[in-house]
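Geometric and topological summary
What follows is each chain in one-letter form.
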Amino acid sequence: MCKYIKPIDTKTKFVILMHPHEFKKIKNGTGHFTHLSLTNSELYINTSFINHKKVNDLLKNNNCYVLYPSTVSIVLNDNPLPTNDKDNVIFLIDSTWHNAKKLLRDSPNIQELPKVSFTHTKASEFKIKEQPMELCLSTMESTLCVLELLTLQGNEKLSVTQLKGFLEPFTKMVEYQLECIKVEKKSPRFRI
């Protein structure tokens, strides 16, 4: 899938906090694709980031947020992020919802950050994976929504082509996995 990745430059830094179960489960997951698709991104794997030096250094010197739904989150559809002398950093949690809650609980430095979210009407294209709720999105799909909103607000200057191409590795991965399922069902080993 790497041949479909077209890295884009963003002013906003994205930091993907990946739970180890996610890393072990699948090496070409959407968190990994997100990291490879954003030149201004970092990816760290752990269950807690309370004592993580690089994460804590970022927290000291930037406008930091965590993408996570909350009743008190900053809804990006209506509220632009600040444009001041500090850089904006958005932390993305790449995990199941269950492990994401534990990761936040065990990382109070991340849990205390202002939360950002967005409203949308998109259904996930992750057809091979069951989502816990109707409008849940993968890490890569969520990041695209954020990039689209930051571009509308003027925080980013991304073209329509860049935004459309961002999801291509994800789309190709889903197509590939669906094709594998079809082939497997045709196999004499497949039993219903």
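This text follows the structure it describes.
Right, let's walk through the structure included here. (Residues numbered from 1 in each chain as written. Predicted model: local features only at pLDDT ≥ 70, side-chain atom pairs only at ≥ 80, totals over all residues. Heavy atoms only, no water.)

Check the secondary structure of the protein and you find 8 helices and 6 strands. For the protein, the sequential pattern of α-helices and β-strands runs β-α-α-β-α-β-β-β-α-α-β-α-α-α. Considering the protein as a whole, with its 192 residues, one finds that 45% of them fall into the buried category. Intrachain contacts of the protein at a sequence separation of at least 6 include 79% that bridge at least 24 residues. Accessible area for the protein stands at about 10,900 Å²; split by element, carbon and sulfur atoms hold 55% of it. (Helix = DSSP H or I, 4+ residues; strand = E, 2+ residues; numbered from the N terminus. Buried < 20%, exposed > 50% of the residue type's maximum accessible area, 1.4 Å probe, protein only. Contact = heavy atoms within 4.5 Å. Areas by Shrake-Rupley, 256 points an atom, 1.4 Å probe, with all protein chains shown as cover.)

So, about the pairing of strand 1 (residues 13–18). Counted residue by residue, strand 1 has 6 buried out of 6 residues, so it is predominantly covered. On strand 1, burial covers both faces: Lys13, Val15 and Leu17 on one face and Phe14, Ile16 and Met18 on the other are all buried. Two strands pair when backbone bridges link them, and strand 1 and strand 5 (residues 88–94) are joined in this way by 6 bridges, in the parallel orientation. Across the sheet, the residue bridging to methionine 18 is aspartate 94, located in strand 5. The pairing of strand 1 with strand 2 (residues 41–45) spans 5 bridges and is parallel. Directly across from phenylalanine 14, in strand 2, lies its bridge partner serine 41. (Pairing = 2+ DSSP bridges.)

Take the nonpolar core next. Phe14, Ile90, Val146, Leu147 and Phe166 are the most contacted members of the largest nonpolar core, which totals 29 residues. Ignoring sequence-local partners within four residues, the contact set of phenylalanine 166 consists of Ile8, Thr34, Ser37, Leu38, Met140, Thr143, Leu144 and Leu147. The next biggest cluster of nonpolar side chains, apart from the first, holds 17 residues, and it includes Val15, Leu58, Ile110 and Leu113. (Core = buried A, V, L, I, M, F, W, Y, C linked by side-chain atoms within 4.5 Å.)

Here we come to the sheet that holds strand 1. Overall, parallel pairing links the 6 strands, which are arranged 2-1-5-3-6-4 in an open sheet. Here the strands that pair on one side only, and so sit at the sheet edges, are strand 2 and strand 4 (74–75). In this structure, strand 3 (residues 63–67) lies alongside strand 5, joined through 5 bridges in parallel fashion. Paired with valine 66 across the bridge in strand 5 is phenylalanine 91.

A separate point is the environment of valine 55. Within the secondary structure layout, valine 55 lies in helix 3 (residues 53–61). On the accessibility criterion, valine 55 (0% relative accessible area) is buried. Discounting residues that sit within four places of it in the chain, valine 55 has contacts with Leu17, Tyr44, Phe49, Phe91, Asn109 and Ile110.

On the secondary structure map, asparagine 88 appears in strand 5. Taking relative accessible area as the criterion, asparagine 88 reaches 8% and is therefore assigned buried. Reaching out from asparagine 88, the side chain makes a polar contact with the side chain of asparagine 63 at a distance of 3.1 Å. In terms of polar contacts, asparagine 88 uses its side chain to reach the backbone carbonyl oxygen of proline 82, at 2.9 Å. Asparagine 88 has contacts with Thr12, Lys13, Asn63, Tyr65, Leu81, Pro82 and Asn155, leaving out every residue within four places of it along the chain. (Polar contact = N/O pair within 3.5 Å; in protein donor to acceptor, adjacent residues only side chain to side chain.)

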